[in-house]
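Analysis of the macromolecular model
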Amino acid sequence: MTETTPLSHYVRSSRLDYQLRYELLGKALLRVQRWRDQRKLAGLRPREDSVLNPPLRCVAYMKEMMSRHYLEGRYANGVRKVAWVTSGAPAELLKALDFFLIYPENHAALCGVRRKAESLCEEAEHDGYSRDICSYGRTDIGAMLSGKTPAGRLPRPDLLLCCTNICQTVLYWYRVLAAHFGCPLILIDTPFLYHEAEAHQVAYVQRQLEEMVSVAEQVAGRSFSERSFMQVVDHSRRASELWLEVLNRSRHRPAPMTAFDGFIHMGPIVDMRGDPETTDYYERMLDELDERIRNGVGAIKEERYRVLWDNLPIWYKIGDFSKWLGGHGVNVVASTYTYAWGELSPMIDPSKPFESMARVYLHPILNRSTGHKLSSMQRMVDEFHLDGVILHSDRSCKPYSLGQIDQRDHLVQEMGIPALLLEADHNDPRAYAEEQSTQRLEAFIEMMEARA
Amino acid sequence: MPIADRLTARKAIIERVRGLGRKVVAVLPFHYPRALLRAYRLHPIEVWGPPNVPRDKGSQHFQAYTCDIVLKATSFLLRGGMDPVDAILVPHTCDALQGMASVTADFLKPRQPVLTLYLPRGCRDSDRAFLIAELRRLAGCCAEISGHKPNEADWAEAFAAEEAADRALASLYQRRPRLALSDRDFYTAVRSREFLTAEDFGELAASLPEGDPPADGVGLMLSGIVAEPLELFDRINEMGAHVVADDLACGYRRVYPPAAESDPFARIAAQLLACPPDPTRGSPIEQRVAALRSRMRESGAQGLLIYDVKFCEPELFDIPLLRKHLAAAGLPVLHVEFEMGMTVSRQVLTRIEAFVETLQ
Ligand code: SF4
Ligand code: SF4
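Residues numbered from 1 in each chain as written. Chains lettered and ligands numbered in written order. Predicted model: local features only at pLDDT ≥ 70, side-chain atom pairs only at ≥ 80, totals over all residues. Heavy atoms only, no water.

1. Looking at a nonpolar patch on the surface
Residue and element names in this part refer to chain A. Among the surface-exposed residues, Leu 20, Leu 24, Leu 25 and Leu 29 lie close enough to one another that they form a single nonpolar patch of about 420 Å² accessible area. Structurally, the position occupied by Leu 29 is in helix H1 (residues 15–43). Using a relative accessible area of 59% as the deciding quantity, one classes Leu 29 as exposed. (Patch = residues over 30% accessible without salt bridge, like charges linked within 9 Å, V, L, I, M, F, W, Y side chains within 5 Å. Areas by Shrake-Rupley, 256 points an atom, 1.4 Å probe, with all protein chains shown as cover. Salt bridge = Lys/Arg side-chain N within 4 Å of Asp/Glu carboxyl O. Helix = DSSP H or I, 4+ residues; strand = E, 2+ residues; numbered from the N terminus. Buried < 20%, exposed > 50% of the residue type's maximum accessible area, 1.4 Å probe, protein only.)

Laid out in structure tokens, this is it:
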């Protein structure tokens, strides 16, 4: 039972196409585009009429990296083996086997930022997928069924890798993908940690990681090398450490970047961790943040209130939120979401790649208890000197959202800071009410003012 | 006499099992190790809502986009409905129950311990090994609650009783076409396994009369988590249809095949992992389609009614593919969602009625 739709929009490329259109022309054009972007960004001066300081210059590199990634994807089928993987999956193992990786969640977020998600969700809904399921899932299923994507074209997967450390939703979603594409699905099941991880939980994940090697080898048509795996793990560790440092730079006042910047700049750590260029990128970013700190330049011009964002971003509103909040002197300096890709870096040990990866992939914040998430938020409030917390109550992401009502109450009662539950959805704009949200945000800012 | 009138009330059962030296555990949906609880001198009473409890207190802790099972069970807990029990067991069925278990343990902090059980989503050797270890961990928690550690005889007794009840449930489904029971009575009997002791359930199942089944007309198969309220069955019968088979979490999805392993934990793991295809356990859609198709053919079901609790994500993802593949096999599908209450909404009934008409 495979291929309920023709999926004719997935095409195989020849090696010549790949070399010509991607390696030669594509890369060169993107490099030229990056030079142009760099020149433009270097010439930007703070504008009188803007509440934000100019964007980070390194964004030109990030744009180039992400565009190159999706461009390679267009020509990957027939040249490289392709795997679609969940954002929290142990991608290092597949990288060591030279798979080209697509992260459907990241692709869905891209659709959200480009405001294409709603129409793609509708494509999925038209095919019978309920409006109540995760809007990332709907966006990607809509793209899969229609072939429409702002990325041009996605490569068809030879392998699916699903890790349940963010939610069970991804398994239902990947079962749908497996039925459509008729390719193998590797499941890495990660027991939810209500308390500290126990030995049998770590052993279970480790065993699954070890067992996935032979399936991945078969699809890849090559043998797994523990040496390359250790190298990838090492790059991954270094990139995660750097990402954590990047995020922690916002402890400075004024913060040199916003969490909204973080949402955009997390592309490489999600999609390309394990690649040496990701490490280079975050080194570059860190240098620029340090330069900003030395010069006392903040991401917003007048930082009066510092706020934590909980849960996924509202992708279609990132720009608007950043400006609107910045205009009210609010800098969202940290988020529990972006932290998820950095905070586990100390657990990564390239000398024990399987065991340490088992621990890492068991411990994302989404796989831990609601009480642990509250403690993380409380710690961040202290460390980042925060004045308030915005908890995005995300209609179609239940694992992240359930527990927020109590978390908010505890933040207010125990820390005495304003905390707002903001109803929306990460990718479906139909679940967002502009007027109501603005009113609630205004009231939230008033509460911070009253406390100041 | 309606089956419901023959059943002992939960309160009386709690008193009776306490008299037998057992403690009582409230269990949320839906796969869990009955024999293990019994060996550790614990008796499960399941909580599926309940439908008659208002959402109010649950809504103070969970958003409106949470399913009714979680909202109502939380209300039930906060209204004192679980006061008589000694522990609460929340199996990891879905993200919503994960949230409920975590919020309950971390923030609501009831007097009773909150136990959890992670059910692996595969059936590989690694899943089996993990589940065995997870059951051993749960057993440790059970021993703390009851103060009892089972010996060989306790395990033998527990398996004998619970496996007999499992066989009784399986045989109820086999005998369904011959049972002189309305759909409501049949499902009242099936669901009495949620609170009766294994012996009482076995006795009830054996006593059900055979003869001409009262229902006639269009045969439906019912799929979903739970068919509430029971009035649904009466309304379906009034439409000229009857339920000939189900794929319900509170029904057939818990017909576990027997297992022969000598180690008690391995035996329980084998049974749980061999349950019929089930989206909450991440079963491949192909397996579900094949199982539904063959059971619909065997039972003479003419259509599949998917009756889902609103906001139940595990059930929702499979629907388009189930619909396509079953329709291709000449088996129409209707999907309706409901909010759990004491009556079935007019809108839901109208849609079911229209579906039945197309099948007639
Ligand atoms: S948005 Fe939430 S539900 Fe959707 S894939 Fe991510 S974690 Fe899972
Ligand atoms: S109704 Fe669905 S979402 Fe709710 S507890 Fe049951 S399986 Fe989970």
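Let's pick the thread back up.
2. Observations regarding the interface of chain B and chain A
Of the residues lining the interface, 52 residues belong to chain B; the matching set on chain A comes to 54 residues. Between chain B and chain A the total buried area reaches about 4700 Å² when both faces are included, carbon and sulfur atoms providing 62% of it. It is Tyr65(B), Phe107(B) and Phe317(B) that lose the most area in chain B upon contact with chain A, and together they represent 18% of the buried surface on that side. With its nearest N and O atoms 2.8 Å apart, the salt bridge here joins Asp127(A) to Lys324(B). Run the count over chain B and chain A and you get 24 residue pairs in polar contact (both at pLDDT 80 or more). Listed by contribution, the elements that provide at least two residues to the side of chain B that touches chain A are helix H6 (95–108), strand S4 (114–118), helix H7 (125–146), helix H13 (285–299), helix H14 (313–316) and helix H15 (319–328) of chain B. No other element matches H6(B), which puts nine residues into the side of chain B that touches chain A. Tallied by class, residues from the side of chain B that touches chain A come to 23 nonpolar, 16 polar and 13 charged. (Contact = heavy atoms within 4.5 Å. Buried area = accessible area lost by both parts, 1.4 Å probe. Polar contact = N/O pair within 3.5 Å; in protein donor to acceptor, adjacent residues only side chain to side chain. Nonpolar A, V, L, I, M, F, W, Y, C, P; charged D, E, K, R; others polar.)

3. What to know about the site of ligand 1
Residues and elements named next belong to chain A. Near ligand 1 you find Cys 134, Tyr 136, Ile 166, Cys 167, Thr 169, Val 170, Trp 173, Leu 312, Leu 366, Ser 396, Cys 397 and His 426, and these make up its full shell. In terms of residue count, the dominant contributor to the shell around ligand 1 is helix H7 (residues 169–181) (three residues). In terms of residue class, the shell around ligand 1 is built from nine nonpolar, three polar and no charged. (Near = heavy atom within 4 Å.)

4. Quick word on the pattern of salt bridges
Residues and elements named next belong to chain B. All told, the structure shown has 70 salt bridges over all chains when counted by the stated rule. Note that Arg 16 and Asp 200 form a salt bridge whose closest N and O atoms lie 2.3 Å from each other. Note that Arg 16 is positioned in helix H2 (residues 10–19) and Asp 200 in helix H10 (residues 198–207), a separation of 184 residues in sequence. Assessed through its relative accessible area of 37%, Arg 16 is described here as partly exposed. Where salt bridges share partners, they join Asp 247, Arg 253, Asp 278, Arg 288, Glu 315 and Asp 318 into one cluster.

These figures come from the coordinates and say nothing about function on their own.
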